[in-house]
Every structure is written in C-alpha cells, then in structure tokens.
Amino acid sequence: MAPRCWRWWPWSAWLRTRPPPSESTQTFGNSDEVRDPANAKALRKKRRRAQMRVKPGKLRFLLDTEEQTPQICVVGSGPAGFYTAQHLLKHHSRAHVDIYEKQLVPFGLVRYGVAPDHPEVKNVINTFTRTAHSDRCAFHGSVAVGRDVTVQELRDAYHAVVLSYGADDHQALEIPGEELPGVFSARAFVGWYNGLPENRALAPDLSCDTAVVLGQGNVALDVARILLTPPEHLEKTDITEAALGALRQSQVKTVWIVGRRGALQVAFTIKELREMIQLPGTRPILDPADFLGLQDRIKEVPRPRKRLMELLLRAATEKPEVAEVARRASASRAWGLRFFRSPQQVLPSPDGRRVAGVRLAVTRLEGVGEATRAVPTGDVEDLPCGLVLSSIGYKSRPIDPSVPFDPKLGVIPNVEGRVVDVPGLYCSGWVKRGPTGVITTTMTDSFVTGQILLQDLKAGLLPSGPRPGYAAVKALLGSRGVWPVSFSDWEKLDAEEVSRGQGAGKPREKLLDPQEMLRLLGR
C-alpha cells in the first residue's frame, strides 16, 4: 500500500485543480516572478513547503472546499446583515452571499435609526458599500421575505439562510389612553425625521409646551435632543425637509425623560448624556435629591457605568462655573430626568381629542442585581404634556410560520446563531439577541454567527452539492410580479438624494416615496 503522503497528488494534477494565475498569485507568485531568475529559487522552496505541508486527506478537503461555491442568503441589510455577509466573504474565498431587504434601499437602522446629528456613526455605510461591491455579493431590495418569498423557498435555494432582519416594531405601553392623538412610539418618531417611508406621514403636533418621553435609553435621549436642538443646527444634516420644517415651528420648550427605576439603572450612555448637558439653548432640570447616596453606591460598578454616574452627579449637584450659569440663565428650553415613575394612564384633554398628560405611578426598587425591579408604591402623580413619545424598547416580529419565534423575548430561539431545530438556518443581530447594544455590539454578534456557519460548512453539516441560489428565487419572484432593486439601482437613488441636498448644503435630501423611487429607476 502506498504511503499516505503528498506524492499521491502529482504536482501537475495539483496545478490543474488550482484557480487561474490571477487568483493564485498571492500564494505562488505571478508570471513575472517566475520569469525572474532571482525569484525562481525562492519560488521552488515555497512550492515544496506547500507540498510537504499537505497530506492527502487534508488536500482532498481543501480541493473540495475550494471547488464548492456555497450559496448563502442573508435576510436584512442593516448592520447585522452586512456584517454577517462581510465575515462570510472574508473567510471563505468562494462563498456567494445574496442580501434580501424589504425596503427599496439598504442599510436599515444606519439610514433610518441613527440620529441625523450623528453623521460619524453613518460612516459605516462606506464599509457596507465595499461589501456590496464584491463580485460575490448581491443586494436584492424591495423583497419582503415571508410575503414575496418564504423562508422555506430560500432554504431550498441556498446552502444556508441567515435571518438578520432586526426589530421593526415597538413595545406597546399597554395602558389606557395609548391610542390618543399625540401619543407616538419613539421608533415612529425617529422614522419620521429620518425619512422611513412608512412614517413619512406621521405629522406630529408640536404646538404644545411640554413633551414627555417614556424610557431612559439612548433612543429616548435622541428624540429629546432632536426636539430641543435649535433648528439651525440641523439644517446641514440629512434630516428630512418635512421634519425640519415642523421643528422650526415647534413650540416645545420642556422635555421630561421618565424612567421607572433610579439613576443607577438608566440605559443611556455617556456620549448621549454629555450631548444633552451641552445642548445649545437648553438647561438641565436635575433634582439633587434623586442622587443622594449615589456616590457611595457607584464605587464598585464597572468603569463605564461609574463614569456615566459621575457625569450625572456633577451635572445635578455641583455648582456650575460662571459661564455655564450664564448659559443656563439664557436658555429658552429645558430637559429633565424623572426617576421612579411608571406610566399608568395617558390622560385625555377635556374634549377627549388629544393627550393632555400622563398619570405616573411612583415606584420603588425590590430585589438586588439583575433581579432588581420597580414596583408601585401606591402613590400617583399627573404630569401635564401635549406630546408623549414611548421609548420603552424595539421589538422583533416573526417573519414566517416555518421559523421558530419566542414572542415573550421577541427573538428567534438559537444557540450561538444556529436556529433551534432548523439545520441550515441561522440568525444574527437584534432578532438573535434582542434589541440591545450599539453597532459595534451587532458587529461582534454577526461575526460570531458567520463563524458558526462556516464551521458547520466545514464539518459537512450543511447540504452538499450545488444549490441554484438567486436564479431559483428570481424565477419565483418574477412569477409573482416582484422585481427586486439592485445595489446599482440604489446608487442611482443615492446620487439623486445627494444632488437634491446640495442646493441646501445638506449631505442628501432623502427620497421618502417608494413610488417616486421606482419612477426614478424607470419602473
């Protein structure tokens, strides 16, 4: 029996299995290097090392892996979708990734969720664009998975399917009066000023003096900041012209940001708090009594939380410098934090036609650590206002009856991104772990899912043999009258938005109407 060594595979046979020279020069040198006698000796050594390293079984696996073209699809083109695709393309040289998106345009919450005065956060779009430009990646917009094509049909067409469609719903307050005019989810309000087509007709009435934001996370501070920012500071951002016009006419002078727990449990981060404290034309309303004893309690907390609390303490309890005193005295607008208050009822105006206030239950904390929860004390207080924005969390929805879903947690049941009991189906981002964290959190999470998928591919746990990929899905969509939007189509719309924004000195003026977008594409 012949020994198990590389000589089972003659060098001529190895060369026949390799990609063309243009794809392999990084390993064995290009034709100019071969012609140069000075490089010949080093090149021969490099080849010998490659031959001696690879045993027959391993070599056969390498050849099979390189010859196979895994067809993978990702559902959702926000950060989770693009970061998952990026990892797959980077770590498998032949994988092809199709990204499906229900909106006509890509980038999800980077486009429709990030505040317009945070342009630096949106720079990640440049990274996603490079991924989309790969010849092994394709974007298919205006395709609603679960409606236009089922998850099972995608699984039949691809070796693996990754669900990265995020959280496109909000947690309801589930209290009386929630349906009154003047009550909006923060998600819808953010979509309105960021140009999400489904929220373009929101038209919030900003003629009141006081707004209440329920929730104390980063989104709560975002909407409070946008309400109070002088409009001239937003004119050079990508906020929609309709929202900017409404904010110019706004009469809102005070915004209360209400949480059911205490200062130590706030969910916003230090960057957003610092922006609120420094917001031009505004002053903070912070009751020093809300922070009694906090200095002692933060000694053992993690450093990021400690720094956040120290900033809050300084803003609430320290006497500001002379210049800051003068700035606050001239401020025409204000914002404040209310702790240990839970919404019990939205109060109507006398005619019942709109919101007039919020009835808040006074709470206290029970339990310790992760088990800490707010419970009502029995006391209540009414907070007058003309606008209520509910910012108590985003929520994912089930996408397809064939996909397991935990309605209580609002996630797809999974283990490290593998969907429970459905081989070949994966998830990443908010639909995997819940709507928490920032973009970098989603990046790490998505890389993990991508790595798990590649491990399963290597272990032979995914379907073998070729899969048709987009060719099969395209035929299905065509038979159903669905015509996807490509990434090059998006780039035409992108150029139009940039052109429209130039006249006003804005980075872009977002297109809001899907029908107008299709007309611009000649559809």
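Residues numbered from 1 in each chain as written. Predicted model: local features only at pLDDT ≥ 70, side-chain atom pairs only at ≥ 80, totals over all residues. Heavy atoms only, no water.

(A) Main features of the sheet that holds strand β9 (residues 282-285). Reading across from one edge, β6-β14-β7-β8-β10-β9 is the order of the six strands in this open sheet, with parallel pairing throughout. Only two strands of the sheet have a single partner each, and these edge strands are β6 (183-185) and β9. The sheet shows a mean angle of 20° between the axes of neighbouring strands, direction not considered. Pairing of β6 with strand β14 (residues 387-390) involves three bridges; the strand directions are parallel. The partner of phenylalanine 184 across the bridge, within β14, is leucine 389. (Pairing = 2+ DSSP bridges. Helix = DSSP H or I, 4+ residues; strand = E, 2+ residues; numbered from the N terminus. Axes fitted to C-alpha atoms, helices over the stretch in contact; angles between N-to-C directions.)

(B) Spotlight on the pattern of salt bridges. By the definition in use, this model includes 34 salt bridges. Note that aspartate 168 is salt-bridged to arginine 397, the shortest N-O span being 3.3 Å. Remark: arginine 397 occurs in the loop between β15 (394-395) and β16 (414-415) and aspartate 168 occurs in the loop between β4 (160-163) and β5 (169-170); sequence separation between them is 229 residues. Judged by its relative accessible area of 17%, aspartate 168 is buried. Take arginine 397: its relative accessible area is 39%, and that puts it in the partly exposed class. Several salt bridges converge on common partners, so that one network encompasses Asp117, Glu120, Asp222, Arg225, Lys271 and Glu275. (Salt bridge = Lys/Arg side-chain N within 4 Å of Asp/Glu carboxyl O. Buried < 20%, exposed > 50% of the residue type's maximum accessible area, 1.4 Å probe, protein only.)

(C) Expanded view of helix α6 (residues 79-91). Taking 1.5 Å per residue as the helical rise, α6 with its 13 residues ought to reach 18 Å, and the 18 Å between its terminal C-alpha atoms agrees with that figure. Burial runs high along α6: 10 of the 13 residues are buried. Burial in α6 covers these residues: Pro79, Ala80, Gly81, Phe82, Tyr83, Thr84, Ala85, His87, Leu88 and Leu89. (Expected span 1.5 Å × (residues − 1).)

(D) View of the state of the cysteines. Under the counting rule described, the total for this entry stands at zero disulfides. Of all cysteine sulfurs, the one in cysteine 385 lies closest to cysteine 208, which takes part in no disulfide; the gap is 7.3 Å. Look at cysteine 208 and you get buried, because its relative accessible area is 13%. (Disulfide = S-S within 2.5 Å.)

(E) Seen up close, the pairing of strand β7 (residues 210-214). Burial of β7 is extensive: five of the five residues sit out of reach of the surface. Taking every second residue as pointing to the same face, both faces of β7 are buried, with Thr210, Val212 and Leu214 on one and Ala211 and Val213 on the other. As paired elements, β7 and strand β8 (residues 254-258) share five bridges and run parallel to each other. Note on β8: the bridge partner recorded for alanine 211 is valine 255. The pairing of β7 with β14 spans four bridges and is parallel. Following the sheet pairing, alanine 211 is matched in β14 by leucine 387.

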